[in-house]
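What follows is each chain in one-letter form.
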Amino acid sequence: MLGRLNHVAIAAKDAEKSAKIYATAFGAEISAAVPLPEHGVITVFVTLPNTKIEFIQPLGETSPIAKFLERNPDGGIHHICYEVPDIVAARDTLIGEGARVLGDGKPRIGAHGKPVLFLHPKDFSGALVEIEQA
Ligand code: CO
């Protein structure tokens, strides 16, 4: 059921600035900054051979990562995202195992145009987990 590590998301006050050292010091490929108003974030991706790093910066007053940055003013790892072949089947299995799905439990279209869900950090050793339809 569990597929590739799709990305690790790092919250930052300035996503572009944070991603820049990956380009200058590691020679990594970084994307342009993409505002996602429906998710309340601006994203910048760093492409690695086997996964991505997703820098997320708050966008708007009600950004879901604003509180995280209040608690972690220097930024920090916000969530990890695993691919699953069938997000609805994965959700139902997870709920059956007692894991909590955040929000209304309905998959939403994420930053890559694919359905995603977030799982409660208390059920995953303190890590916020995103699952994305592969
Ligand atoms: Co993500």
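Before reading on, note that the structure itself is shown above.
Residues numbered from 1 in each chain as written. Predicted model: local features only at pLDDT ≥ 70, side-chain atom pairs only at ≥ 80, totals over all residues. Heavy atoms only, no water.

Chemist: It is not clear to me how the side chain of Thr-43 should be interpreted in this structure. Could you clarify?
Modeler: Checked against the element boundaries, Thr-43 lands in strand E4 (residues 41-47). Residues in contact with Thr-43, not counting those within four places in the same chain, are Ala-32, Ala-33, Val-34, Leu-36, Glu-54, Phe-55 and Ile-56. (Helix = DSSP H or I, 4+ residues; strand = E, 2+ residues; numbered from the N terminus. Contact = heavy atoms within 4.5 Å.)

Chemist: Which parts of the structure should I look at to understand helix H3 (residues 87-96)?
Modeler: One turn of an α-helix holds 3.6 residues; hence residues three or four places apart share an orientation. Burial in H3 covers these residues: Ile-87, Ala-90, Arg-91 and Leu-94. Each buried residue of H3 sits inside an arc of 100° when the element is viewed along its axis, so together they form one side. Among the structural elements, strand E6 (76-84), strand E8 (115-119) and strand E9 (129-133) are those in contact with the buried residues of H3. Residue Gly-98 follows H3 closely and has a positive phi angle near 95°. (Buried < 20%, exposed > 50% of the residue type's maximum accessible area, 1.4 Å probe, protein only. Arc of directions from axis to C-beta.)

Chemist: What is the right way to look at the coordination of the cobalt ion in this model?
Modeler: Four donors placed tetrahedrally around a metal ideally meet at 109.5 degrees, and six donors placed octahedrally ideally meet at 90 or 180 degrees. Coordination of the cobalt ion by the protein involves His-7 (NE2), His-79 (NE2) and Glu-130 (OE), with metal-donor separations of 2.0 to 2.1 Å. Donor residues for the cobalt ion sit on one chain with the sequence pattern H-x71-H-x50-E. A residue pair is termed long-range when its members are at least 10 positions apart, and His-79 in strand E6 and Glu-130 in strand E9 qualify at 51 residues. (Donors = N, O, S within 2.8 Å, 3.2 Å for Na, K, Ca; no water.)

Chemist: Would you mind going over the nonpolar core with me for this structure?
Modeler: Among soluble globular proteins, nonpolar side chains are generally buried collectively. If you look at the biggest cluster of nonpolar residues, it comprises 21 residues, and the most contacted ones within it are Val-46, Ile-53, Phe-55, Leu-119 and Ile-131. If you list the elements that add at least two residues to this core, you get strand E1 (5-11), helix H1 (15-26), E4, strand E5 (52-58), E6, H3, E8 and E9. The element contributing the most residues to this core is H3, with three residues. In this view, Ile-53 contacts Val-8, Ile-10, Val-44, Phe-45, Val-46 and Leu-48; residues no more than four positions away in its chain are not counted. (Core = buried A, V, L, I, M, F, W, Y, C linked by side-chain atoms within 4.5 Å.)

Just geometry here; none of it tells us what the structure is for.
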